[in-house]
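Structural features, examined
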Amino acid sequence: MTIAVPSRSFAGTSVRWSRHLVALAIVAIVLLVTFRGDFAGLVDIWWNSTTFGHCLFIAPVIGWLVWTRRRELAQLQPEAWWPGLALVGAGAAAWLAGDAASVALARHLGLVMMLQGAVVTLLGANVARGLMFPLTYALFLVPFGDGMEPWLQGVTVAIVMPLLNAVGVHAYVDGVLIHTGRHVFEVAEACSGAKFVIAMLAYGALVANVCFRSWRRRAIFMGVSFVVPILANGVRAFATIWAAELTSLETATGFDHIVYGWVFFGLVMAAVMAIGWRWFDRAPDDPAFDPEGLRGPVVGRIPVWLAAILVLGTASVAPAWSAVVARQVQPMNGAVALPQIPGWTRAPLSTRAPWTPYYPGADHFLIGRYVDGQGNAVDVAVAFFADQHEGKELIAFGTGVLREEDAWVRVADLPPIAGGAAMRITAPGPVERVVATWYRVGDMVTDDDLAVKFATLKARLLGGDQRAAAVHLSAEAEAGHDPPSAIRRFAAALGPIAPATDAMMRAAR
């Protein structure tokens, strides 16, 4: 049966869609300009990070997902909907928390959520439900998941070692270093497979939506998308080490450079698709959603121009509050100096394998060496901050004990030393060093990265004391000397971290 619909209804719908889409485009542009620093940071990560290069494809995929829904969407009426402001407000809150705690992930998530909220507010509840998956999929624009790298390093080592033993290669593990006798291999963050796991989760979510109807099958496919790249990366790492033992390190490295990249990812994608192919239960031409089920009156409608103003007003609260708190920061004036420590005297820094923690945004930085009567040497490094913000942080990627592309690499985490988080690192030579770390934010002293972020968040949000410091005590591993013991004795002579850092600030006055 054919139903005749007056052409004027289609014309009215088209005009309505145009009006709402123009409003959405203007609001989106204003949001991106307002938060241009975070938008530029996102693009920079997508373009330059090998871990998040797949994010460059997310926006085109979202566009394609919306395009495949165009016929169903055309049967819906866009209506500005004020409850959508809750998502905008949640995004603004996430951005403010990220700005206060200097967590780029939260700021980037907040920006994406504000854009999602703008769509929901300006197009309405019915259209938003029709766009549910594309809107949710936009979360993959946020670079997340690199925190899995330490865990994945351990998993990779756990996969490699039994395989090496099975083929007769005798090896032992020291943290993330695998010693085979001929060579030493580091299972670095870049070799953990995190980049493939993260990309495969984004790919798996897309396939699960497009190719499956059953939520049970979708969940299983997502599980496969997570597990297969982890196992494949472990086999790849094993193959590289085995090839080095059978041939040479140069040959194995060349093999790894060829395999490790988009070729490897393509093979993993093909393997995952092959596993799930026979269980696909959604036809390619099936509609994405049923527009009939999304029609009907919606409570909370407002004029589209008012919705646009409210979206921008809600989003602007976050940067306005951040600017108000930033004006309360007091500069850290005056000189600083390392203190005199009873039983320890100053000495030149090591030239055998120089090590310096990396804090490019610190207001003041001190480093020096102390030795005691038994010849134990301990290096002290302290970074002082009047406040923290993007590019000026206690805790950030590539800062602290190890910088990006450093000659020093982490071998393993150690039990705390005198209340400080301890780590064993090594450099070519080989030279080993143990480093103990404390952080101070305001009056709080901790060795926990997360506690630093929360304390910074509290100070930035409420306008409290934003002064901060990082203290590192370290000692090289030398014959006849125990680094943890030397650090422990020096920490006892130095005293509590808060008074010690205060003394360093007063020492030069």
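A brief structural summary. (Residues numbered from 1 in each chain as written. Predicted model: local features only at pLDDT ≥ 70, side-chain atom pairs only at ≥ 80, totals over all residues. Heavy atoms only, no water.)

Tallying secondary structure elements over the protein gives 17 helices and 11 strands in all. For the protein, long-range pairs separated by at least 24 residues make up 73% of all intrachain contacts whose partners lie at least 6 apart in sequence. Of the roughly 24600 Å² that the protein leaves accessible, carbon and sulfur atoms contribute 65%. In the protein, 38 side chains carry a positive charge and 38 a negative one; their mean positions are 9 Å apart. (Helix = DSSP H or I, 4+ residues; strand = E, 2+ residues; numbered from the N terminus. Contact = heavy atoms within 4.5 Å. Areas by Shrake-Rupley, 256 points an atom, 1.4 Å probe, with all protein chains shown as cover. Lys, Arg positive; Asp, Glu negative; His and termini not counted. Charge placed at Lys NZ, Arg CZ, Asp CG, Glu CD.)

Okay, helix α9 (residues 149-166) next. Over its 18 residues, α9 extends 26 Å from the first C-alpha to the last, a length consistent with the 26 Å expected when each residue adds 1.5 Å. Those residues of α9 that fall on the buried side of the exposure criterion are Glu 149, Leu 152, Gln 153, Val 155, Thr 156, Val 157, Ile 159, Val 160, Met 161 and Leu 164. Elements in contact with the buried residues of α9: β1 (172-174), β2 (177-179), α10 (194-211), α11 (215-246) and β7 (409-417). Looking one or two residues beyond α9, the residue adopting positive phi is Gly 168, at roughly 85 degrees. (Expected span 1.5 Å × (residues − 1). Buried < 20%, exposed > 50% of the residue type's maximum accessible area, 1.4 Å probe, protein only.)

The next point concerns the pattern of salt bridges. Summed over all chains, the structure comprises 19 salt bridges. Close ionic contact of Arg 352 with Glu 476 constitutes a salt bridge, the shortest N to O distance being 2.8 Å. Pair noted here: Arg 352 is in the loop between β4 (345-347) and β5 (364-371) and Glu 476 is in strand β11 (residues 468-476), with a separation of 124 residues, a long-range link. Look at Arg 352 and you get partly exposed, because its relative accessible area is 48%. (Salt bridge = Lys/Arg side-chain N within 4 Å of Asp/Glu carboxyl O.)

Here the second largest pocket defines a volume of roughly 790 Å³. Lining the second largest pocket are 28 residues, and of these Leu 24, Ile 62, Val 66, Val 119 and Leu 135 sit closest to its centre. At the level of secondary structure, the elements contributing two or more residues to the lining of the second largest pocket comprise α1 (7-34), α2 (36-48), α3 (58-68), α4 (70-74), α6 (104-123) and α8 (132-137). Looking at the lining of the second largest pocket element by element, the count peaks at 7 residues for α6. The residue inventory of the lining of the second largest pocket, partitioned by class, reads 25 nonpolar, 2 polar and 1 charged. (1 Å grid on protein atoms, 1.4 Å probe; cavity = no way out; pocket = protein on both sides within 12 Å on 5 of 7 lines; lining within 4 Å. Points joined across faces, edges and corners; volume = space filled by probe spheres on them. Nonpolar A, V, L, I, M, F, W, Y, C, P; charged D, E, K, R; others polar.)

Here we take up the packing of aromatic side chains. In this structure the tally under the stated criterion is 12 aromatic pairs. Ring geometry for Tyr 137 versus Phe 140: centroids 5.1 Å apart, planes at 55 degrees, classification tilted. Note on Phe 140: relative accessible area 15%, which makes it buried. Between Trp 151 and Phe 226, the ring centres sit 6.4 Å apart and the planes meet at 10 degrees, which makes this aromatic pair stacked. (Phe/Tyr/Trp six-rings, centres within 6.5 Å; stacked < 30°, edge-to-face > 60°.)

Another point: the environment of Gly 98. Relative to the helices and strands, Gly 98 is located in helix α5 (residues 85-101). Here Gly 98 falls in the buried class, since its relative accessible area comes to 0%. Between the alpha carbons of Gly 98 and Tyr 358 there is a distance of 22 Å; along the sequence they are 260 residues apart.

With that settled, consider empty space enclosed by the protein. This model, assessed by the stated rule, comprises 2 cavities of 30 Å³ or more. One number sums up the size of the largest cavity: a volume of about 80 Å³. Residue assignment for the lining of the largest cavity shows that the elements contributing at least two residues are β11 and α16 (483-494). Along the lines of polarity and charge, the residues of the lining of the largest cavity split into 4 nonpolar, 3 polar and 4 charged. Of the volumes computed, that of the second largest cavity is approximately 30 Å³. Ranked by the residues each element gives to the lining of the second largest cavity, the list is headed by helix α15 (residues 449-462), at 3 residues. Tallied by class, residues from the lining of the second largest cavity come to 2 nonpolar, 3 polar and 2 charged.

Moving on: the environment of Glu 189. With respect to the secondary-structure elements, Glu 189 resides in the loop between β3 (184-186) and α10. Here Glu 189 falls in the partly exposed class, since its relative accessible area comes to 36%. For the pair Glu 189 and Phe 52, spaced 137 residues apart in the sequence, the C-alpha separation amounts to 14 Å. The contacts of Glu 189, once residues within four sequence positions are left out, are Glu 149 and Gln 153.

For His 54, the location among the structural elements is in the loop between α2 and α3. In contact with His 54, not counting residues within four places along its chain, are Ile 198, Ala 199 and Ala 202.

Attention now moves to the pairing of β7. By the bridge criterion, 6 bridges tie β7 to strand β8 (residues 420-427) in an arrangement that is antiparallel. Each residue of the ladder has a partner; that of Arg 410, found in β8, is Ile 425. (Pairing = 2+ DSSP bridges.)

Moving on: the nonpolar core. Side chains of a nonpolar character, in soluble globular proteins, are inclined to be buried together. Ranked by size, the top nonpolar core spans 53 residues in total, and within it Met 114 and Tyr 137 carry the most contacts. With near-sequence residues (within four places) excluded, Tyr 137 lies in contact with Ile 58, Val 61, Ile 62, Leu 65, Ala 202, Tyr 203, Ala 205 and Leu 206. The next biggest cluster of nonpolar side chains, apart from the first, holds 28 residues, and it includes Val 380, Ala 422, Ala 475 and Phe 490. (Core = buried A, V, L, I, M, F, W, Y, C linked by side-chain atoms within 4.5 Å.)

If you trace the backbone, Gly 223 turns up in helix α11. Between the C-alpha atom of Gly 223 and that of Ile 29, which follows or precedes it by 194 residues, the distance is 37 Å.

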